[in-house]
Amino acid sequence: INQENHIAPTNFKKFALFYFENFRKRKVSEITYKNDWNRLNKNILPVFEKAEIKKITPQDCQAVLDDLMKQDKYKTAVEVYNLLSCIFKSAIAHDLLTKNPLAVVIKPTYEQEHGTALTKSEEQALLSQISDQATKIAIALALFCGLRPNELSTAEVQGEFIKAVNS
């Protein structure tokens, strides 16, 4: 923040760093923050680093996303769109923009491949082959509660429930 007049920076890179340090870090898990930081540096800053945030157009944003899609990086394109959206919404909240440049941009989509659920007998076979109790518990929590590996360390039993911090 500019200490003289307490306004957020107007340069895209400086504003993005301001947003990450002051807001993103507090809003998402550590791993999400790290992944978003990498996306910012690899896919967004090379294009918008020197731009004034108010001069970034929908066409500029669409070009970034289209380039990722041409490289078959569909999931990355969606993640970059979502991250840009957060940055621009924050810029609007800081009175640097009146409209989100992504408002007219075609949001990229991609089809995720999902596996199929294990049968009860497959679950039993899997768990019976694991001798380490901690590993067995971790796999059971993932199977039966849907916990992600990075959420396991926060899991705790509270009465009849298992609670964990959602990442």
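What counts, and where the lines are drawn
- Residues numbered from 1 in each chain as written.
- Predicted model: local features only at pLDDT ≥ 70, side-chain atom pairs only at ≥ 80, totals over all residues.
- Heavy atoms only, no water.
- pLDDT = per-residue confidence, 0-100.
- Contact = heavy atoms within 4.5 Å.
- Core = buried A, V, L, I, M, F, W, Y, C linked by side-chain atoms within 4.5 Å.
- Buried < 20%, exposed > 50% of the residue type's maximum accessible area, 1.4 Å probe, protein only.
- Helix = DSSP H or I, 4+ residues; strand = E, 2+ residues; numbered from the N terminus.
- Salt bridge = Lys/Arg side-chain N within 4 Å of Asp/Glu carboxyl O.

**Concerning the confidence of the model for the protein**
Taken over all residues, the pLDDT of the protein has a mean of 91, while the share at 70 or more is 96%. In this model residues 1-5 is a low-confidence stretch, pLDDT under 50, and it forms 4 contacts with partners more than four residues away in sequence or in other chains.

**Quick notes on the nonpolar core**
In this structure, F12, F15, L40, I53, I87 and F88 are the most contacted members of the largest nonpolar core, which totals 31 residues. Looking at this core element by element, the count peaks at 8 residues for helix α4 (residues 74-93). Not counting residues up to four positions away in its chain, the partners in contact with I53 are T10, F12, F15, I87, F88, A91, L96 and L97.

**Some thoughts on the pattern of salt bridges**
Tallied over the full model, the rule gives 7 salt bridges. Its salt-bridge partner being K25, residue E21 comes within 3.0 Å of it at the nearest N-O pair. Remark: K25 and E21 occur in helix α1 (residues 12-27); sequence separation between them is 4 residues, near one turn of the helix. Here E21 falls in the partly exposed class, since its relative accessible area comes to 46%.

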